[in-house]
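In case you want the letters, here they are:
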Amino acid sequence: MVARIKKTAARAILDSRGIPTVEVELETQNGCGRASVPSGASKSSFEALELRDGGKKFFGYGVSKAVASVNGIIGPKLRQTAFSGQTDFDEFLISLDGTKNKSKLGANAILACSMAFSRCLACESGTPLYASFSKVRRYCLPVPFFNVINGGAHAGNSIAFQEYLIAPVGAKTFAEAAQYASEIYHALRGLISRQFGRSATNVGDEGGFAPPLSDVATPLELVSRAIGEVGLQGKVSIALDVAATSFFDGKKYAIGGGKRLGPGEYFDFVEGLAKTHRIISVEDPFCETDFAAFSKFTRENKAIQVVGDDLLSTNPVRIARGVRTGACNCLLLKPNQIGTLAEAVRAANLAYGAGWGVMVSHRSGETEDTFIADLAVGLGCGQIKLGACARGERTAKINQLIRIEGELGSNGKFAGREFHRPARQLGFSL
Ligand code: PEP
Ligand code: MG
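A brief structural summary. (Residues numbered from 1 in each chain as written. Chains lettered and ligands numbered in written order. Predicted model: local features only at pLDDT ≥ 70, side-chain atom pairs only at ≥ 80, totals over all residues. Heavy atoms only, no water.)

**Here we look at the site of ligand 1**
Rule in force here: Whether a residue is near a molecule or strand depends on its heavy atoms: it is near if one of them lies within 4 Å of it. In protein, a polar contact requires one atom able to donate a hydrogen and another able to accept it; more generally it is a pair of N or O atoms within 3.5 Å, and residues adjacent in sequence count only if both atoms are side-chain atoms. Three classes are used: nonpolar for Ala, Val, Leu, Ile, Met, Phe, Trp, Tyr, Cys and Pro, charged for Asp, Glu, Lys and Arg, and polar for all others, with Gly counted as polar. Domain start and end points were adopted from an automatic or database domain assignment.
The environment of ligand 1 is formed by 16 residues, the closest being Ala 41, His 154, Arg 363, Ser 364 and Lys 385. His 154 places a polar side-chain atom, nitrogen or oxygen, 2.8 Å from an oxygen atom of ligand 1. A distance of 3.1 Å separates an oxygen atom of ligand 1 from a polar side-chain atom of Asp 241. Within the shell around ligand 1, the residues separate by chemical class into 2 nonpolar, 6 polar and 8 charged. Summarising the domain contributions, the shell around ligand 1 has at least three residues from each of domain 1 (3-126) and domain 2 (139-418).

Dropping the structure here:
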């Protein structure tokens, strides 16, 4: 199929933090697609460049330069070219930008085009978006990892760890997983309210609660108690995104309450915490440059999924290094860290090739765009990180997955306890 772009339009809209982001609309002969891009708060140093205006307007966070990249440079070129598919389209944008980190046109401008084009292609072929990533007979619905307590860069409290997540691995369907999460979320609200007062039930950037704590263990106890209160022990597990770079000063990890641990002591601390609380998945337990600590942790904790986010940054060079050194066993896949869909899918395939898991992820600054829900189903990765089961920009993705599950009927299967094994290892033919 050859797709010709007839119309292009870009604009600045607001994300869930009230900060501008880029939205793009494309029109082809028989299709159209609109997409908007998310934005991180705890970004790694290795991500593709998100182009911001600087200056006074929007405190420097404006995206008029990125919008101008689409309306003034990318759009006119796209309208002169025919594309044979997603890879062709994305490679065209990569070479039009010509920089290593997409700093000329902006990864925010480029990814919005890439995603909008993907929707055009799905329209052209008359298939749902998830089906444009893989055409299989049976699809895998991902286990949602819901962030119910927020700390780190996502909250105004003093919890050093960024995300305390619940993973309803024992649910039978995605819809049941959402039900479990909702029950636990509200039980947790009650617990926090009784213990710290109602003002402590205010939420952080991803919709999880942000109680006024300054140690990293108490949130784990609260989440465990909430799971127990609604009778879901054994069906719902706990996971962490430590985001350790944010509290490492180059020498020590500041874990809260004035405690600062050197790398060796901190390693034992994190490992002990993970074992005590039977954590099934730990993301970024160490600073983003410490491949050696990641490798040791992964080697010594074979039962735990170790996820590389800041460490790998969805970047093929860093993923290759991660594979070589055995630094983790799961890639956190954030399309905006690399800047095009074709590169994001390639990153997933690199991880699959190493026998790793892949967890598709939102960002802390999100829009109502549901793209990642379809991406996770299409890639058959078995797991997705979505924030809390509350707030519109988070529920948009959850509700899209509920819709997809309903639409697939018996052609869809919830990954459940097999979440860490890519779909093709589960017998899905991706
Ligand atoms: C994360 O660190 O995994 C995350 C979702 O946060 P951010 O988008 O702020 O990087
Ligand atoms: Mg992370």
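**Re the coordination of the magnesium ion (ligand 2)**
This is how the line gets drawn: Only N, O and S atoms count as donors, using a 2.8 Å cut-off from the metal and 3.2 Å for Na, K and Ca, and because water is excluded some sites may appear unfinished. By definition, any uninterrupted DSSP run of H or I lasting at least four residues is a helix, any uninterrupted run of E lasting at least two residues is a strand, and each is numbered from the N terminus. Exposure classes here rest on a 1.4 Å probe applied to the protein chains alone. A residue is buried below 20% of its type maximum, exposed above 50%, and partly exposed in between.
Note on the magnesium ion (ligand 2): its protein donors are Asp 241 (OD), Glu 283 (OE) and Asp 309 (OD). The metal-donor distances range over 2.0 to 2.2 Å. Mapping the donors of the magnesium ion (ligand 2) onto the primary sequence yields the spacing D-x41-E-x25-D. Within this pair, whereas Asp 241 is found in strand E8 (residues 237-241), its partner Glu 283 is found in strand E11 (residues 279-283), the two being separated by 42 residues in sequence. Glu 283 carries the same exposure label as Asp 241, and that label is buried.

**Thoughts on the nonpolar core**
Here is the rule: For our purposes a nonpolar core is just a set of buried Ala, Val, Leu, Ile, Met, Phe, Trp, Tyr and Cys residues, chained together by side-chain atoms within 4.5 Å. We call two residues contacting when some pair of their heavy atoms lies within 4.5 Å.
Among the nonpolar cores identified, the biggest contains 141 residues, and Ile 74, Phe 161, Tyr 266 and Leu 333 are the most heavily contacted of them. Formed jointly, this core draws a minimum of three residues from each of two domains, domain 1 (3-126) and domain 2 (139-418). Once residues within four sequence positions are removed from consideration, Tyr 266 is found in contact with Phe 161, Val 242, Ala 244, Phe 247, Tyr 253, Ile 255, Leu 261, Pro 285 and Phe 286.

**Considerations on the pairing of strand E2 (residues 20-28)**
So the rule is basically this: Two strands qualify as a pair provided that DSSP identifies no fewer than 2 bridges between them.
Here E2 lies mainly inside the structure; 7 of its 9 residues are buried. Pairing of strand E1 (residues 3-14) with E2 involves 9 bridges; the strand directions are antiparallel. The residue of E2 that forms the bridge with Lys 7 is Glu 27. Between E1 and E2, which pair antiparallel and follow one another directly, the connecting turn spans 5 residues, one of which, Gly 18, has a positive phi of 80°. Bridge count for E2 against strand E3 (residues 32-36) is 5 bridges, and the pairing is antiparallel. If you follow Glu 27 over to E3, its bridge partner there is Cys 32. Between E2 and E3, which pair antiparallel one after the other, the connecting turn spans 3 residues.

**Brief notes about the layout of surface pockets**
Filter applied, for reference: Using protein atoms alone on a 1 Å grid, points that fit a 1.4 Å probe yet trap it form a cavity, whereas open point sets bounded by protein on both sides within 12 Å along at least five of seven lines form a pocket; residues with an atom within 4 Å of a point count as lining. Grid points are joined across faces, edges and corners, and a volume is the space filled by probe spheres set on the points.
One number sums up the size of the largest pocket: a volume of about 400 Å³. Residue lining of the largest pocket: 20 residues in total, with Gln 86, Ser 132, Phe 133, Ser 134 and Val 345 positioned closest to the centre. Secondary structure elements with two or more residues in the lining of the largest pocket: helix H2 (86-97), helix H3 (107-125), helix H10 (341-353) and helix H11 (371-379). Broken down by element, the residue count for the lining of the largest pocket peaks at 6 residues, all from H10. No fewer than three residues from each of domain 1 (3-126) and domain 2 (139-418) sit in the lining of the largest pocket. As for the second largest pocket, its lining consists of Ser 224, Ile 227, Gln 233, Gly 234, Val 236, Ser 237, Ile 238, Thr 276, His 277, Arg 278, Ile 279 and Ile 280. Looking at the lining of the second largest pocket, the elements that each hand over two or more residues are helix H5 (218-229), E8 and E11. Of the residues that constitute the lining of the second largest pocket, the class distribution is 5 nonpolar, 6 polar and 1 charged.

**Section: the packing of aromatic side chains**
Under the convention used in this document: Any two rings among Phe, Tyr and Trp, with Trp reduced to its six-membered ring, count as a pair given centres within 6.5 Å; such a pair is stacked if its planes are under 30 degrees apart, edge-to-face if over 60, and tilted if neither.
In this structure the tally under the stated criterion is 19 aromatic pairs. On the numbers, 4.0 Å between centres and 5° between planes, the contact of Phe 89 with Phe 117 is stacked. One end of the pair, Phe 89, is in helix H2; the other, Phe 117, is in helix H3, and 28 residues separate them in sequence. A relative accessible area of 0% places Phe 117 in the buried class.

**Re the sheet that holds strand E15 (residues 383-387)**
Cut-off, in case you're wondering: To obtain an axis, a line is fitted to C-alpha atoms, over the contacting stretch when the element is a helix, and the angle between two such axes runs from 0 to 180 degrees between their N-to-C directions.
Strand order in the closed barrel made by the 8 strands is E6-E7-E8-E11-E12-E13-E14-E15, with mixed pairing throughout. When the angles between neighbouring strand axes are averaged without regard to direction, this sheet yields 25°. With 4 bridges connecting them, strand E6 (residues 143-150) and strand E7 (residues 163-167) associate as antiparallel partners. Bridged to Asn 147 within E7 is Leu 165.

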